[in-house]
Each structure stands twice: as C-alpha cells, then as structure tokens.
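For reference, the chains in residue letters:
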Amino acid sequence: MGGALDVNEFVAGYLVEVEEHLSASTANLLAAEAALRGGESSPKAIRELFRALHTIKGLSAMVGVEPIVDLAHAMETVLRAADRSAGSLSASSIEVLLRGLRSIEERARALAERKPVLPAAPELLAALTALDLAAAPSPPVPTIGADPEILAKLGPGERVQLAQGVAGGRRALRVDFVPSPARTAEGVNITTVRERVGKLAEIVKVIPLSVPASEGAPGGIAFALLVLTSAPDEEVARAAAADGVRALTVELPVPPVVAALAEREPDEPADREPQLRGVVRVEVARLDDALDKLSALVVTRFRLARAAADLRSRGVDTRDLSEILREHDRTLRDLRGAIMRARMISVAELLERVPLVVRGLGRATGKQVRLEIDAGKAELDKAVAERVFPAIVHLLRNAVDHAIEPPAERRRLGKTEEGVVRVSCFERSSHQLELSVADDGRGIDRALVARRAGRPAPESDAALLDLITLPGLSTLDQATKTSGRGLGMDIVRRIAVEQLSGELSVSTSPRAGTTFTLRIPLTLTIVDAFSFLCGDQLFVTPVAGVEEVVEIDAARVLRGPAPGEARGGTMLPAPGEARGGTMLIERRGEVVPLVDLGALFELGASPARRALVVRRHGAPFAFGVTRVIGQQEVVVRPLEDPLVRVPGVSGSTDLGDGRPTLVLDLVTLSGRLSAGRGGRGALARVAS
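The rules behind each value
Every chain begins its residue count from 1, and numbering advances along the sequence as written. Under the rules for a predicted model, residues below a pLDDT of 70 receive no local features and side-chain atom pairs below 80 are neither given nor counted, while totals for whole chains, interfaces and linings still include all residues. Calculated side-chain values reflect all of the structure's heavy atoms, with hydrogen atoms and water omitted. Helix and strand labels come from DSSP, where a helix needs a run of H or I of at least four residues and a strand needs a run of E of at least two; each type is numbered from the N terminus. When a residue's accessible area, from a 1.4 Å probe over protein chains only, is under 20% of the maximum for its type it is buried; when over 50% it is exposed; and in between it is partly exposed. Contacts are assigned to residue pairs that have any heavy atoms within 4.5 Å of one another. All accessible areas in this document rest on Shrake-Rupley with a 1.4 Å probe, and a residue is counted as covered only by the protein chains that are shown. Strands qualify as paired when DSSP identifies two bridges or more between them. With axes taken as lines fitted to C-alpha atoms, and helix axes fitted only over the stretch in contact, angles between N-to-C directions fall between 0 and 180 degrees. Side-chain atoms within 4.5 Å are what join buried Ala, Val, Leu, Ile, Met, Phe, Trp, Tyr and Cys residues into a set we call a nonpolar core. Reported orientations rely on four angle classes, namely roughly parallel under 35 degrees, roughly antiparallel over 145, roughly perpendicular from 65 to 115, and oblique for the rest. If you view the pair so one helix is near and one far, a crossing is left-handed when the near helix is turned anticlockwise from the far one by less than a right angle, and right-handed when it is turned clockwise. Within 6.5 Å between ring centres, the rings of Phe, Tyr and Trp (the latter by its six-membered ring) count as paired, and their orientation is classed by plane angle as stacked under 30 degrees, edge-to-face over 60, tilted in between. Lysine and arginine charges are scored as sitting over a ring when NZ or CZ, respectively, is within 6 Å of the ring centre and within 35 degrees of the ring normal. The term polar contact refers here to a pair of N or O atoms within 3.5 Å; inside protein, the definition further demands a hydrogen-donor-capable atom paired with an acceptor-capable atom, and it admits residues adjacent in sequence only when both atoms are side-chain atoms. Known as pLDDT, the predictor's per-residue confidence is scaled from 0 to 100. Basically, the charged four are Asp, Glu, Lys and Arg, the nonpolar ten are Ala, Val, Leu, Ile, Met, Phe, Trp, Tyr, Cys and Pro, and anything else, Gly included, counts as polar. Any Lys or Arg side-chain nitrogen found within 4 Å of a carboxyl oxygen on Asp or Glu counts as a salt bridge.

Draft legend 1. Structural detail: the overall build of the protein. For the protein, the count of helices and strands is 22 helices and 26 strands. In the protein, buried positions account for 45% of the 688 residues. Pairs at least 24 apart in sequence give 69% of the contacts found in the protein among residues at least 6 apart. Summed over all atoms, the accessible surface of the protein reaches about 34700 Å², with 53% contributed by carbon and sulfur.

Dropping the structure here:
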C-alpha cells in the first residue's frame, strides 16, 4: 500500500452526489417558502434540508473544496438557530439560503469545468450570520399517544410531522415488521417493506425495537414504522407483511411548530436500515458510446438481411440463416430497449429546476405565480431532455412575463391575485411525449400581434402560432431582463420542430389563458420508421409522425381550387396545383389535402398508390408515395452541412447498402407546404 491518495479519483462521484443534494435542497427550501406563505410550518422539509447540507459539507471536506464547506456550514448554522427558536424561517432567511445554494452550485460547476473554485463571498457569509432569527419561547410540542419506547426515540420534528398529517385529514399509524429467515428467503426485508409501504403512506420514522427472541421473532428484533396514510388499514398491513396496525393518538398543538433538529449531528440515523438500491452511476459519454456500437449493429443487420436475400435469389437454401436472422432481430430489439432505458431520465427529474425558474421570474416581474407540475411517470432520452429544457424555460418566461396579469389587474378582472402556471406531460405513445405549459392569464391579443407583425389578424390558432414564432417579433415596447427581444417563441419553434422533429401548437382564449403544447419524440438516434418508395427513390420517415397509411383510389381523388384561392379562410397547399388545382382525398368524411412526393421531388411520373397521413395543428395532410415497403428500426444521422439542410429532411440513415437514405420529417414538410414555402427546388436537389 504505497503512494498518496489521489482525491481527483473521487471528484466525478462527488459532483454527482452534490448535484443530487442541491436539487433536493432547493425543492425543500421552496417547500418551506410555500408553507410560510400559507402560514404553516414544514418540519419535514427543514429536516431534510439540514441533512442535505450536512452531507454536502462532509463530502466537500473529504474532497477538499473548502469554499463549499464554509457555505454549507454557515447555512447549517442558520437552520440550527431556527431550530433553537422553534420558529419557521423568515422570508429574508429563505432568500439568503437560496443565494447560498446558488453559490454552492456555481463552485461545484467550476470544479467540474476544472476552473479555480473561488472562496465564499464574505458578504454572503455575513448575510447568513446576520439573519434575524430572534429566539422565541418554545411553543407546545404535540402529544403523541404511543408506547414509552417509541416516544423515547421520537424527536420533536417527527411529532410535528405527525400532527400536521393528522390535521390534514390523514391517519397516524404504527405498523410493526418482524424479520425472519422465512421472510428473507421470500425477499421480504425492511428495505422492501419500506418501499411497499412508501407507496401507500408517508413514512415519518422507522424505529428498530429489541423484542424477546421467539419463534415469530427469531432474531429478537422488530421494526416499528410510524406512518401517515389515507389508505385502508388492511392494505398498509399487507404491504408491511404485518398482522395489523395500531392507531396513534395525536393531540394537535396551537400553533404548530417547525420540526426541531436533533441536537446531535445528523449523520445517518442509527435506526435507518441501509438501502442498497443497486444503482450504478455511468457517465453519459459511455452510454453514447454504447449507443454508437448499437447503431453499427443495426446497420450490420440490414447488410445481413440483404446478403440473405441475395442468396435466396440465387437458389440457395437460407432457411437456417433466416431463423438465425430472426433470432438476431429479437436480440437486437432487446438490446436496443435495454440501452435506451439506461439513457432515459424521468420528466419529473427534468422539471426539478422549474420551480426555481418560476420563482425568479415572479420576483423579477412583481407577480404572484403558483406553479403546478404533473409529470406522471413519463421518461425521456437524456439527449432530448437537454435540448427541450431551454424551450420549456422560454415558455415559462412568456407565461409569467406576458400572460399572467399583475395582482391589481387580476383583482379588477375578478381573478385571484395569484396566477397559475401548469406544466404537464404524458406519453402519447411508445414513441412520443406530449408536454404542455398552460396559464390562466390574459390570453394572446391577436390584433396586437398582427399589428406588430404587419400582417392581417389571424383567424385560427395555427395562423396565430405562425405569427408569434416570427423571428424578432415581440409585443413589448422595451426589452426587460426577462423578455422582449422577440427571440423566445422562435427558439421554441426551432427546438421543437426543427431540432427534435416534433410539433408545436397553441390554444388561447381572451382573459382565460393560453396553452402551448409540444409533441416530441422520446429519442432521436434509433427510431422506428416506415420505409417507402417515391418512383425508384427510397426514403424513410419516423413512425411517430404518421397517423395512418391509406390506399389511394385514383378515381376518388378530387381537384380543389386553384393555387391562391381561399377555402374556408385557409389557403390550400400549392404543390398539388398540377392539372387543375390542389389534390384532395376523402378519409372517413374528412377532406384531406394530398401532395404527391414523387412529383414534389421531381422523381418521375410513377403514380402514387399509398398515402402517409400526418396531422399538423390538428389538420390532416396526406403525402402520396409509390409503395410502402415496411417498418424497421433505423439509425438517424443529422445533416450537419447547412448547404444541404432543408426543412422537412431531418437526417439520413444507412439501410445496409452503403448509400445514404434521407429521413423525412413529414409534419414539418406539411407545414412548409401549407404556408407556401415548399422549397421545391431545394428538396428536389437534396432528394437527388
């Protein structure tokens, strides 16, 4: 055992740990602020915040990042003083603590980027020291009806947490779990019990108890779980593998108090069972490398399939080879699923930073804003998440700065002073995520937008979206720190439509609010796609963008108005003007514009026999193709050269013949054609 310890080996893991604890600290501090606004305390949030900061301090001391140690220690002192005064944090305290968290984050980022880590700002340390946390007489602590051995291990913080839960309408229960070899053999231990009970109840504390050894408790140990729940007793008992539950009586104090932190340093509690979750942290670069290797395997699969087809055409018996190829396909699909699952992050994790963004916007604009987030269990590829987050921030900035009215105006309109911004998302299919940002503000003034753009007032939401996404358009006379430069919505459109090959839509009502909706793919690199022919040219398009594949009956193709004629206030697409106006097909009583892709790309006169139907802003659009070959997984490579990048072409792929095959984004292409910006010549050059 020679040589000095190289601390740099631990820096990567340290940064990941600090990032997780900072995220949790921010969420808990914002929860404490929300409780303060409601005149309540938040003992659990304060306790978890203290623990997170203590952990950050310990980790930073181990790695030798003294500025972060100083900041975390000063913030701990503030929380300990709040504990001694038995009072909730003041608004000024929360503001300074948020500054402290930002300062820790900045220094952690500097360490990650191998830049000098600046000392803690003296003025921030002084502000933390000088926070006005006047001591107050200790208010009464809630009285809990439980066994003495339970009460002896129940701190003031847990008592307050139980009291607040009961005041909120939940029941306080004690559930006992007794480990045994038989239960362990079945995979039932305190860790799995905590996980199962945690789905039905809020676990306040887990207390280990010494019990007489017996046949039912051969180890002489049991665990008492103190929980708050609204679930039936039977379900909680079943989750804990217990015979039953016992109710705890709680006498509520007036007023409730903030949880008192334990006098001892909050190291890992002795009563906490170690939770080995089997989590391994992997750098994103390694996952990217695995995905590249998988991409090469996908291309190799196409080459094998072509080679097998060539052998069959020459009369070779390939039945054994075909079976091997089918097994290879199944294995490759499973491998793809495993790698993609490893790359996925929950949307809830992506949106963790959103509350802090909205809080800052509200303070900068002087508006009261309540944020509601419903992320469900949706997941997203990390690469897609990193690209879409700036679009979410721009939408939030627009909602707070443009849409939500000032408190006085909301009162005059009969609204609550506090505006509401909702961020929600769900998986529309196995390929696509729908994410919306809604507000209850003033709505978009169509006439004002039209005057600013020098265009006629838009009659539909789709036309309105085309206006507000014009580069440089803003409804503000003067730029502010938050908006007014006319770039926000244009950036959102570029990210959602051009970079992610998704769709952006808007719905707005005067004085009722606005909702922006993004529909984006869950992943970008390897996607399920339809391959099809236009003439003799092969193309592919993602399955996620296609609503339906239909047969074209030439006898039922209609001819619409000539180019430039209006129909119902909407301009029909120009590319189908040949031989008497726009081509239309009927689909279940719905008239759908039809564009022949072969004619659009100037690929010959092969008749279109099938149509791929897409939907943009709720309106259907059909693209005629010569033949649909099938559905397969493809590796999409973006077109980096700006000279060949064209709207409607999202990239290229290799189908095993060594030639690049264009990947078409039919939703974007339909939008360009509907707006009369088909770029026919450019598309034809790229196709050739």
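Draft legend 2. Highlighting the sheet that holds strand β11 (residues 432–439). Read across the sheet, 5 strands follow the order β8-β10-β11-β13-β12 without closing on themselves; strand pairing throughout is mixed. The sheet terminates laterally at β8 (369–374) and β12 (503–509), the two strands that pair on one side only. With direction set aside, neighbouring strand axes in the sheet form an average angle of 10°. Of the strand pairs in this sheet, β11 and strand β13 (residues 513–521) are connected by 8 bridges, and their pairing is antiparallel. Considered in β13, the bridge of L433 is made with I520. Against the sheet, helix α18 (residues 461–468) contacts β12 and β13, and its axis sits at roughly 110° relative to β12.

Draft legend 3. View of the nonpolar core. In terms of nonpolar packing, the biggest core is built from 49 residues, with L380, L396 and L518 touching the most fellow members. Counting residues per element, this core draws most heavily on helix α15 (residues 382–403), at 11 residues. Residues within four places of L380 in sequence aside, it is in contact with R343, M344, I345, V347, L350, A385, V388, L433, I520, P521 and L522. In this structure, V11, F50, I94 and A108 belong to the second largest nonpolar core, which totals 34 residues.

Draft legend 4. The pairing of strand β22 (residues 610–616), seen in detail. Strand direction decides the pairing type here: strand β16 (residues 548–551) and β22, joined by 4 bridges, are antiparallel. Paired with V549 across the bridge in β22 is L612. Inspection of the sheet shows β22 paired to strand β23 (residues 619–625) by 7 bridges, in the antiparallel sense. Bridge pairing in β23 links L612 to F623.

Draft legend 5. Looking closely at the sheet that holds β22. The strand order across the open sheet formed by 6 strands is β16-β22-β23-β21-β20-β17, and the pairing between neighbours is mixed. Every interior strand has two partners, whereas the edge strands, β16 and β17 (558–559), have only one. Judged from the 3 bridges that link them, strand β21 (residues 590–596) and β23 form a sheet pairing that is parallel. If you follow V595 over to β23, its bridge partner there is F623.

Draft legend 6. A look at the packing of helix α17 (residues 446–453) against α18. Packing of α17 against α18 brings their axes to within 10 Å, and their N-to-C directions diverge by 45°. One way to sum up the angle between α17 and α18 is to call them oblique. Helix-helix and strand crossings are classified by hand; for α17 and α18 the assignment is left-handed. Packed against α17, whose contacting residues are R446, V449, A450 and A453, the element α18 presents D461, L464, L467 and I468 at the interface.

Draft legend 7. Examining unusual backbone geometry more closely. The phi dihedral of R114 falls on the positive side, at around 60°, and the residue is not glycine. With respect to the helices, strands and loops of the structure, R114 is situated in the loop between α4 (91–112) and α5 (122–129). Looking at R114, the relative accessible area reads 80%, which means it is exposed. At A241, a residue that is not glycine, the phi angle is positive and equals roughly 55°. When you line up the elements, A241 lands in the loop between α10 (233–239) and β5 (245–247).

Draft legend 8. Spotlight on the packing of aromatic side chains. Overall, the coordinates contain 3 aromatic pairs when judged by the stated rule. Plain terms: the ring middles of F539 and F601 are 5.3 Å apart, the flat faces sit at 45° to each other, and that makes the pair tilted. Of this pair, F539 sits in strand β15 (residues 537–542) while F601 sits in the loop between α20 (597–600) and β22, and the two are 62 residues apart along the sequence. Each member of the pair, F539 as well as F601, is classed as buried. Geometry around F389 places R353 over its ring, the cationic atom sitting 4.1 Å from the centre.

Draft legend 9. Focus on the environment of R442. With respect to the element layout, R442 can be found in the loop between β11 and α17. Between the C-alpha atom of R442 and that of E409, which follows or precedes it by 33 residues, the distance is 10.0 Å. Only 2.5 Å separates the side chain of R442 from the backbone oxygen of H402, close enough to count as a polar contact.

Draft legend 10. Structural view of the confidence of the model for the protein. For the protein, the average pLDDT comes to 78, and 81% of its residues sit at 70 or higher. Considering each helix and strand of the protein separately, the mean pLDDT is smallest for strand β19 (residues 570–571), with a value of 37, and largest for helix α16 (residues 407–412), with 91. In the predicted structure, residues 1–7 sits below a pLDDT of 50 and forms 3 contacts with residues beyond four places in sequence or in another chain. In this model residues 254–277 is a low-confidence stretch, pLDDT under 50, and it forms 51 contacts with partners more than four residues away in sequence or in other chains.

Draft legend 11. Quick look at the pairing of strand β3 (residues 201–210). Burial runs high along β3: 7 of the 10 residues are buried. Pairing between β3 and strand β4 (residues 221–229): 9 bridges, direction antiparallel. For I203, the partnering residue across the bridge sits in β4 and is V227.

Draft legend 12. Geometry of the packing of helix α14 (residues 354–365) against α15. The contact between α14 and α15 brings their axes to 10 Å, and the two run at 30°. In terms of orientation, α14 lies roughly parallel with respect to α15. Handedness of the α14/α15 crossing: right-handed. Where α14 abuts α15, its residues V354, V357, V358, L361, G362 and T365 lie against F389, I392, V393, L396, R397, V400 and D401. Residue classes in the contact of α14 with α15 are distributed as 9 nonpolar, 2 polar and 2 charged.

Draft legend 13. Focus on the pattern of salt bridges. Here the structure, examined in full by the defined rule, presents 44 salt bridges. Across the pair R359 and E95 runs a salt bridge, and its minimum N-O distance is 2.7 Å. Here E95 lies in helix α4 and R359 lies in helix α14, a separation of 264 residues in the sequence. With relative accessibility at 13%, the residue R359 sits in the buried group. For E327, the salt bridge goes to R330, with nearest N and O atoms at 2.5 Å. Pair noted here: E327 and R330 are both in helix α12 (residues 319–343), with a separation of 3 residues, about one helical turn. Connected through salt bridges with shared partners, the residues E547, E548, R587, R588, E590 and R615 form a single ionic network.

Draft legend 14. Structural view of the environment of A308. For A308, the position within the fold is in helix α11 (residues 284–313). We classify A308 as buried; its relative accessible area is 1%. For the pair A308 and R319, spaced 11 residues apart in sequence, the C-alpha separation works out to 9.6 Å.

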